[in-house]
Amino acid sequence: MDYKIRAARKEDCKDIARMIMELAVFEKMPDQVKISYKELERDGFCQNPFFECLIAEVSDAHRSKCGNGIGKSLMSKVAKIAAEKQCVRLQLSVLDWNSPARDFYAAKGAQDLTDSEGWHFIRFDGLSLDNLVKEAPQD
Amino acid sequence: MEYKLRKAEPKDVPDILRLVKELAKYEEMENQVTLTEQDLLEDGFGDTPFYHCVIAELQPQSSDGLEVVGFAMYYFTYDPWVGKQLYLEDFFITQEYRGLGIGSHIMRHLSDLAMKTRCSGMMFVVAENNESSIQFYKRRGAEDLSQEEGWRLYRFDKESLVKMASAREE
């Protein structure tokens, strides 16, 4: 199957937004997606972008399926960029029940730090973030 | 006790590294710190800062000079579902000066900054055996996404990164 990995352009944001939603549906949390392609355009293609993005595109009208090596190529490209920029690590989060993804990463040498070191992801947002701003000085 | 919160400057790099190591020691992982002052200087105060830092300093009773007693290292990241996030990377107050409200003040400062820069959330990781920190955050309404949604932190080290980078294309 013919495909190409390249840096995303502003025009790709509609497709990126579509795929973000597809992934969120897979992760069973589609109602948590609050932003659209407009925010992606604004935040990813401004003077100081808040994210970078690589996309894989197929040359014909082939529907992409798993098992064609596209995932591996994307990871390889991300790792190349990390190495070029002298990064010492690549970190990511994955859902506990998502065995295919966990296996994919483990096969490539990733460690589950939640398991081995007990790290948990914590977040303040919405009301709890508002409250933090207003919090009284006393602990 | 009077203290001051301010933005870190290049001259603070030795103190930042000192506190990074103190925090790593507290987390029982001090041997994992390979960062140098030069790295901190280049990465924080060059053309493209990879982190920002706020520090707490005060004048200890025993001396004339100012001492850096706490810091928070953070950067901006992106959540594809909700947009900009403030990621709190390291947050530490020297033991001697805990319980004085410095930590709370830093949290308030950071959340204010998050709001001002249109971040929808502030995120970080905490080790599950760090009871006092977990309580500190839970008291303030934080969600434990690992517990509530099942997110696990995965990491590729340099060796695995290099291997992946040179993997033959399929």
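Scroll up to find the structure this text is about.
Rules of the game
Residues numbered from 1 in each chain as written. Chains lettered and ligands numbered in written order. Predicted model: local features only at pLDDT ≥ 70, side-chain atom pairs only at ≥ 80, totals over all residues. Heavy atoms only, no water. Buried < 20%, exposed > 50% of the residue type's maximum accessible area, 1.4 Å probe, protein only. Helix = DSSP H or I, 4+ residues; strand = E, 2+ residues; numbered from the N terminus. Arc of directions from axis to C-beta. Contact = heavy atoms within 4.5 Å. Pairing = 2+ DSSP bridges. Phe/Tyr/Trp six-rings, centres within 6.5 Å; stacked < 30°, edge-to-face > 60°. Buried area = accessible area lost by both parts, 1.4 Å probe. Salt bridge = Lys/Arg side-chain N within 4 Å of Asp/Glu carboxyl O. Polar contact = N/O pair within 3.5 Å; in protein donor to acceptor, adjacent residues only side chain to side chain. Nonpolar A, V, L, I, M, F, W, Y, C, P; charged D, E, K, R; others polar. Axes fitted to C-alpha atoms, helices over the stretch in contact; angles between N-to-C directions. Parallel < 35°, antiparallel > 145°, perpendicular 65-115°, else oblique. Left-handed = near helix turned anticlockwise from the far one by under 90°.

Chemist: Tell me what's going on with helix α4 (residues 131–139) of chain B, and back it up with residues and numbers.
Modeler: Those residues of α4(B) lying buried are S133(B), I134(B), F136(B) and Y137(B). Summarising the axial view, the buried residues of α4(B) lie within an arc of 160 degrees, below the 170-degree limit, and thus occupy one face. Packed against the buried residues of α4(B) are β5 (119–125) of chain A together with α1 (13–26), β4 (83–93), α3 (102–116) and β5 (121–127) of chain B.

Chemist: I'd like a description of the pairing of β5(A), backed by residues and values.
Modeler: Counting buried residues along β5(A), six of its seven residues qualify, which places the element largely inside the surrounding structure. As paired elements, β5(A) and β5(B) share seven bridges and run antiparallel to each other. Opposite H120(A), over in β5(B), you have V126(B) as the bridge partner.

Chemist: Which residues make up the packing of aromatic side chains, and what values do they have?
Modeler: Taken as a whole and judged by the stated rule, the model has 17 aromatic pairs over all chains. Measuring from ring centre to ring centre gives 5.7 Å for F26(A) and W97(A), while their planes differ by 55 degrees; the resulting arrangement is tilted. Highlighted residues: F26(A) in helix α1 (residues 13–26) and W97(A) in the loop between β3 (90–95) and α4 (99–107), separated in sequence by 71 residues. Since its relative accessible area comes to 44%, F26(A) is described here as partly exposed. Under the relative-accessibility criterion, W97(A) is labelled partly exposed at 34%. The interplanar angle of 85 degrees and the centroid separation of 6.2 Å between the aromatic rings of Y105(A) and F156(B) together place this pair among those described as edge-to-face. Of the two residues, Y105(A) is situated in helix α4 and F156(B) in strand β7 (residues 151–156); the pairing between them involves two chains. Overall, the relative accessible area of 18% leaves Y105(A) in the buried class.

Chemist: If you had to explain the environment of K77(A) to someone new, which residues and values would you point to?
Modeler: Residues and elements named next belong to chain A. The topology assignment puts K77 in helix α3 (residues 70–84). With relative accessibility at 32%, the residue K77 sits in the partly exposed group. With 37 residues separating them in the primary sequence, K77 and T114 have C-alpha atoms 26 Å apart. With residues up to four places along the chain from it excluded, the contact list for K77 reads I5 and L54.

Chemist: Tell me what's going on with the interface of chain B and chain A, and back it up with residues and numbers.
Modeler: Tallying the contact residues gives 60 residues for chain B and 63 residues for chain A. Both faces considered, chain B and chain A share a buried interface measuring about 6400 Å² in area, 57% of it formed by carbon and sulfur atoms. Where chain B packs against chain A, one counts three salt bridges. Among the salt bridges present, the one from R123(A) reaches E143(B), with a minimum N-O distance of 3.7 Å. Counting every contact that joins chain B to chain A gives 29 residue pairs in polar contact (both at pLDDT 80 or more). Per-class residue counts for the side of chain B that touches chain A are 28 nonpolar, 14 polar and 18 charged.

Chemist: For the packing of α1(A) against helix α2 (residues 37–44) of chain A, give the residues involved together with the corresponding values.
Modeler: Residue and element names in this part refer to chain A. Orientation of α1 relative to α2, taken along the N-to-C sense of each, is 120 degrees, at an axis distance of 8 Å. When the axis of α1 is compared with that of α2, the two are oblique. Considering only the axes of α1 and α2, their crossing is right-handed. Where α1 approaches α2, its residues C13, K14, I16, A17 and I20 are matched on the opposing element by Y37, L40 and E41. Split into classes, the residues belonging to the contact of α1 with α2 amount to six nonpolar, no polar and two charged.

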